[in-house]
Amino acid sequence: MITAFPRVALLTLTLGTIGCAGPTIPHDPDLVDVTLPAPVDRVRTAVIQVLTDGGYEVDQKNDEQLTTGYREEIRGPWDWLLRWRFGTGKSRVEAQVTAATEESTRLRLNVLYEGKDGLFTRWEDSPTALPQTAENQLRLIKNALQIL
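As the structure is a prediction and not an experimental result, all values here were calculated from the model.

1. A few points about the packing of aromatic side chains
Turning to step 1, where the next piece is worked out: A full pass over the atoms with the stated rule returns 0 aromatic pairs.
Turning to step 2, where the next piece is worked out: Over the ring of Tyr70 we find Lys90, and its NZ or CZ is 4.4 Å from the ring centre.

2. Side note on the side chain of Thr133
Turning to step 1, where the next piece is worked out: Inspection of the secondary structure assignment puts Thr133 in the loop between β6 (124–125) and α4 (134–145).
Turning to step 2, where the next piece is worked out: Here the side chain of Thr133 touches Asn136 through a polar contact of 3.2 Å, landing on its backbone nitrogen.
Turning to step 3, where the next piece is worked out: In this structure, Thr133 is in contact with Asp30, Val111 and Thr128, ignoring residues within four places of it in sequence.

3. Some details on the nonpolar core
Turning to step 1, where the next piece is worked out: One finds Leu36, Val43, Val47, Val97, Leu107, Ile141 and Leu145 to be the most contacted residues of the largest nonpolar core, which totals 22 residues.
Turning to step 2, where the next piece is worked out: Counting residues per element, the ones that place at least two in this core are β1 (30–36), α2 (40–53), β4 (89–99), β5 (105–115) and α4.
Turning to step 3, where the next piece is worked out: Of the residues forming this core, the biggest block, 6 residues, is contributed by α2.

4. Observations regarding the environment of Val40
Turning to step 1, where the next piece is worked out: Examined against the element boundaries, Val40 turns out to sit in helix α2.
Turning to step 2, where the next piece is worked out: Separated by 57 residues in sequence, Val40 and Val97 have C-alpha atoms that sit 6.9 Å apart.
Turning to step 3, where the next piece is worked out: Leaving out residues up to four positions away in the same chain, Val40 has contacts with Val97, Thr98, Ala99 and Thr105.

5. So, the confidence of the model for the protein
Turning to step 1, where the next piece is worked out: Summing up the model confidence of the protein, the mean pLDDT is 81 and the portion of residues at 70 or higher is 70%.
Turning to step 2, where the next piece is worked out: Within the protein, the element-level pLDDT minimum falls on helix α1 (residues 5–20), averaging 55, and the maximum on α2, averaging 95.
Turning to step 3, where the next piece is worked out: Counting contacts from residues 15–22, a segment whose pLDDT is below 50, to residues more than four positions away or on other chains yields 0 contacts.

6. Side note on the environment of Ser126
Turning to step 1, where the next piece is worked out: Tracing the chain through its elements places Ser126 in the loop between β6 and α4.
Turning to step 2, where the next piece is worked out: Considered as a pair, Ser126 and Glu114 are 12 residues apart in the sequence and their alpha carbons are 5.1 Å apart.
Turning to step 3, where the next piece is worked out: Among the polar contacts listed, one links the side chain of Ser126 to the backbone oxygen of Glu124, at a separation of 3.1 Å.

Conventions we followed
Residues numbered from 1 in each chain as written. Predicted model: local features only at pLDDT ≥ 70, side-chain atom pairs only at ≥ 80, totals over all residues. Heavy atoms only, no water. Phe/Tyr/Trp six-rings, centres within 6.5 Å; stacked < 30°, edge-to-face > 60°. Lys NZ or Arg CZ within 6 Å of the ring centre and 35° of its normal. Helix = DSSP H or I, 4+ residues; strand = E, 2+ residues; numbered from the N terminus. Polar contact = N/O pair within 3.5 Å; in protein donor to acceptor, adjacent residues only side chain to side chain. Contact = heavy atoms within 4.5 Å. Core = buried A, V, L, I, M, F, W, Y, C linked by side-chain atoms within 4.5 Å. Buried < 20%, exposed > 50% of the residue type's maximum accessible area, 1.4 Å probe, protein only. pLDDT = per-residue confidence, 0-100.

This is how it looks when you write it as structure tokens:
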């Protein structure tokens, strides 16, 4: 005789899985657009230094565009497996550094952050973790430029 336990367990698992699925929570892009009182070369150097120190590999597309790959969030021999299977957050940065005047620079930082919280979920846009926010990156860049 077949018991009802497997059916009840399957039904509970199915309903629990469906109940956990839902739409993503919308959030504003993590973007900063400022003018800094420093020459463009100093700002570009400071941006590269801060992003490199923060675990990003910086790719300079041209004189104005800087992009990074995903930041190394977990360090270890199995980090790829942990990120791929179990999830965490990952971020990358796009920066645009243009000369506003001879002694000032316009900086536009965009931090793109994705999160994943389980084995069977996919990476989704998420609110940026505090250490990687555009505001925090700007603070570190100002510190590197010694701007109050």
